[in-house]
Every structure is written in structure tokens, then in C-alpha cells.
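Summary of structural features
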There are 2 protein chains.
Amino acid sequence: MTTPMLTKNQSLVFDVLTKAEAPLSAYTILDKLRDQGFRAPLQVYRALDKLLEYGVVHRLESINSFVACAHPNEDCHSHGLVAFAICESCGQVIEFHDHEVDHRLTDWLKSQKFKAEKSTIEIRGHCANCAA
Amino acid sequence: MTTPMLTKNQSLVFDVLTKAEAPLSAYTILDKLRDQGFRAPLQVYRALDKLLEYGVVHRLESINSFVACAHPNEDCHSHGLVAFAICESCGQVIEFHDHEVDHRLTDWLKSQKFKAEKSTIEIRGHCANCAA
DNA sequence: GCAATTGATGTAATAACATAACATATCCGT
DNA sequence: ACGGATATGTTATGTTATTACATCAATTGC
């Protein structure tokens, strides 16, 4: 999907996520944008919905947070499957793709005649720097 | 891990999950146990924490819900990695294990020196019965 | 030009999910 | 019986997400 011109709110939210060192919750984003005139959660959630749709932001289900896509130039959707390693100490997120994993899951789903719509692979733990 | 004797509240919560056709949210469980004397969310969450620890219940992060483990006789923890296919129409959850996927992810994590603690693989879509 | 449609925004209220803090009670080893 | 650990009960609160409704702005068809 080609990303259309972002609206004002979408740009503000995207900028906050791009500058962040770690995933942010919707309410954290809201707080960071109070000075820009944001007042209500919906302003954030609506922008996030679009950014997710465009594939430039990912939602981390296991921590109810959002990150800017780490591979903005490639098309994440075409990879079919994105996986995340999330450090519980420093918050760093490593985003990666593995075709073999993708393939195995796809084959399994096909064998079950299960039509996949949205896949989540998230590993929580500690990154090289933070691990004892 | 061997599962110790369940307490009263743990048994009640586990029974509700075992009898359910689909994953249940903590608050849905609470409602189903009002007649048994449950009054507060914490009674459910505390029981769930233990059941998760014992490995007899899984949490589905992407839908904030809980299911009884589908493979009670095997030890899910020893599989290292459990994946779920979740039907968004009927709610059915298919739990499965794939050693190859496990292996690929483990190798990748090792290459990054990332210490995994908890992994989540969830695929939302439509099961064979519900797919158009 | 101008109504009609569509998409974006603003705001308030509420729903849904989860935990903190504190008090009591029950179980078990000694 | 005592003391510690675990389980429970209860209230309040914190956190995440959506519903409902009003307004505004850009676009399209006529």
C-alpha cells in the first residue's frame, strides 16, 4: 500500500512515535500532544487506526502499545508476517521478518483451511544489553 | 510443572473456562461466577494468574481473553512455544505447536543474544466452518 | 455555484480491562 | 498454639478503548 499524505493529527502522532525510543501507549501519546492541542483519546486512536492501516505503525498486542515501523522503505504488508522482540527492561523493540516461519505458519493454516487476517508474533524478554 | 491441587476459586474459574466454547474475558468469567459468590475482578484475576502459572490456561493477548489449555496431558511449557488460530466469527481457538517455527525463532533470538521469557503467536481470521 | 457526499476533527461520556492497597481468613509445619 | 505463607474479600482506582453526537473541510456531481 502506498501511504497517502498524512493529515495533521496523523503526522503529529507519527512524529511522536518516530522519535520515541520505545513503544508508546495511546495515552502516553496523548500526553505528549497536549501542547499541540490534543484533548481526547479518540484523537490518538483515530490517527493510529489510519497509521496502522497504512502499515507505517505497528500495534504490540502484548503490551498495548504502538511503534513506528522499523522498515519504512520496505512494505511490511508484503512480508505477510512481522515479528517483534520486546525488551522488558529498556523497552527497545527489534522488528524482524522470517520467511521460513511465515511459510510454516502459512502451510499449517492452509492445512486447517483457516483464513488468516492478522498475525501477531511477539517475544518478550531481555535484549543483549539488558540481559544479566 | 506438575499442577498442584486447585483452590476453590481456581477450580471455579478453571471449570468455567473448560466448559466454554470460546475464550472468555476476565469480566465474563466474573459474571458467570456471581452465583458462586464472586463479587470482584480480583477474584478472577488472581485465580487466572495461578492457572496461567500452572500452564493449564492460556492468555490470548490479542483479544484480552483466556482459554483452557487444549493439551492438558502434555506439558505446554515443554513445547516452549504455543500458537493459536482464533476464529473471529465463532470464537473457536485452535491451539498448536510447531517445532520448526520454535526452532527458527529460537535461533534468531540466540543470534541477537535476546533472552526470551514469554512468547506470543496468535493468528486471527476465520476457521474452515466460518470462512465464506 | 451549490447541494450532497465523504473524510477528518472535536468533545463528552462510558465501557472494558487490570491493579493497588488493605483487611481477614485458612492452611501447614513446628 | 504459634508463626509464616498463601488464599480470599472488598473498595477504590488506574489504564485502555469505544460509542455517540456535533462540527468542519475537501471533493464530487449537477
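Residues numbered from 1 in each chain as written. Chains lettered and ligands numbered in written order. Predicted model: local features only at pLDDT ≥ 70, side-chain atom pairs only at ≥ 80, totals over all residues. Heavy atoms only, no water.

Our working rule: UniProt positions are given in the numbering used here, feature names are shortened, and annotations may be inferred rather than shown by experiment.
Going by the annotation in an unreviewed UniProt entry, the name recorded for chain A is Fur family transcriptional regulator, zinc uptake regulator, with Rhizobium miluonense given as the source organism. A UniProt comment under Sequence similarities (unreviewed entry) is attached to chain A, and it reads "Belongs to the Fur family."

Let's talk about the protein's contact with DNA strand D
For clarity, the threshold we go by: Whether a residue is near a molecule or strand depends on its heavy atoms: it is near if one of them lies within 4 Å of it. Any pair of nitrogen or oxygen atoms within 3.5 Å is treated as a polar contact; in protein, a donor-acceptor pairing is required on top of that, and neighbouring residues in sequence qualify only through side-chain atoms on both sides. Secondary structure elements are defined from DSSP: runs of H or I of at least 4 residues count as helices, runs of E of at least 2 residues count as strands, and each element is numbered from the N terminus.
Surrounding DNA strand D, one finds 15 residues, the nearest of these being A:Y27, A:L42, A:R59, B:Q43 and B:R46. Within 4 Å of the protein, the contacting atoms of DNA strand D are 41% sugar and phosphate, with bases supplying the remainder. Take B:T7: an N or O atom from its side chain is 2.9 Å from a phosphate oxygen of DNA strand D. The side chain of B:R46 places a nitrogen or oxygen atom 2.4 Å from a base nitrogen of DNA strand D. Every element with two or more residues in the surface near DNA strand D is listed here: helix 3 (41–54) of chain A together with helix 1 (8–19) and helix 3 (41–54) of chain B.

Brief notes about the pairing of strand 3 (residues 83–87) of chain B
Sheet faces and side chains relate simply in a regular strand, where the side chains alternate between the two faces. Residue and element names in this part refer to chain B. Defined as follows: Burial classification: accessible surface area is computed with a 1.4 Å probe over protein chains only, and a residue below 20% of its type maximum counts as buried, one above 50% as exposed, and the rest as partly exposed. Strand pairing is assigned whenever DSSP identifies at least 2 bridges connecting the two strands.
Judged by how many residues are buried, strand 3 sits mostly within the fold: 5 of 5 residues are covered. In strand 3, alternate side chains face the same way, and those of A83, A85 and C87 on one face and F84 and I86 on the other are all buried. Inspection of the sheet shows strand 3 paired to strand 4 (residues 93–96) by 4 bridges, in the antiparallel sense. Residue A83 lies in a different strand from strand 4, and its bridge partner there is F96. As consecutive antiparallel partners, strand 3 and strand 4 are separated by 5 residues, and within that stretch G91 has a phi angle of approximately 85 degrees, a positive value. Judged from the 5 bridges that link them, strand 3 and strand 5 (residues 115–126) form a sheet pairing that is parallel. Across the sheet, residue C87 finds its bridge partner in strand 5, namely G125.

So, the packing of helix 1 of chain B against helix 3 of chain B
Residues and elements named next belong to chain B. For the record, the criterion: Orientation is described by lines fitted to C-alpha atoms, with helices fitted over the stretch in contact, and by angles between N-to-C directions that extend from 0 to 180 degrees. Any angle from 65 to 115 degrees is called roughly perpendicular, while one under 35 is roughly parallel, one over 145 is roughly antiparallel, and all others are oblique. Between two residues, a contact is recorded if the distance between any of their heavy atoms is within 4.5 Å.
At a minimum axis distance of 9 Å, the contact between helix 1 and helix 3 shows a crossing angle of 80 degrees. Relative to helix 3, the element helix 1 lies roughly perpendicular. In this structure, helix 1 uses N9, Q10, V13, F14 and L17 to contact helix 3, whose residues at the interface are Q43, V44, A47, L48, K50, L51 and Y54.

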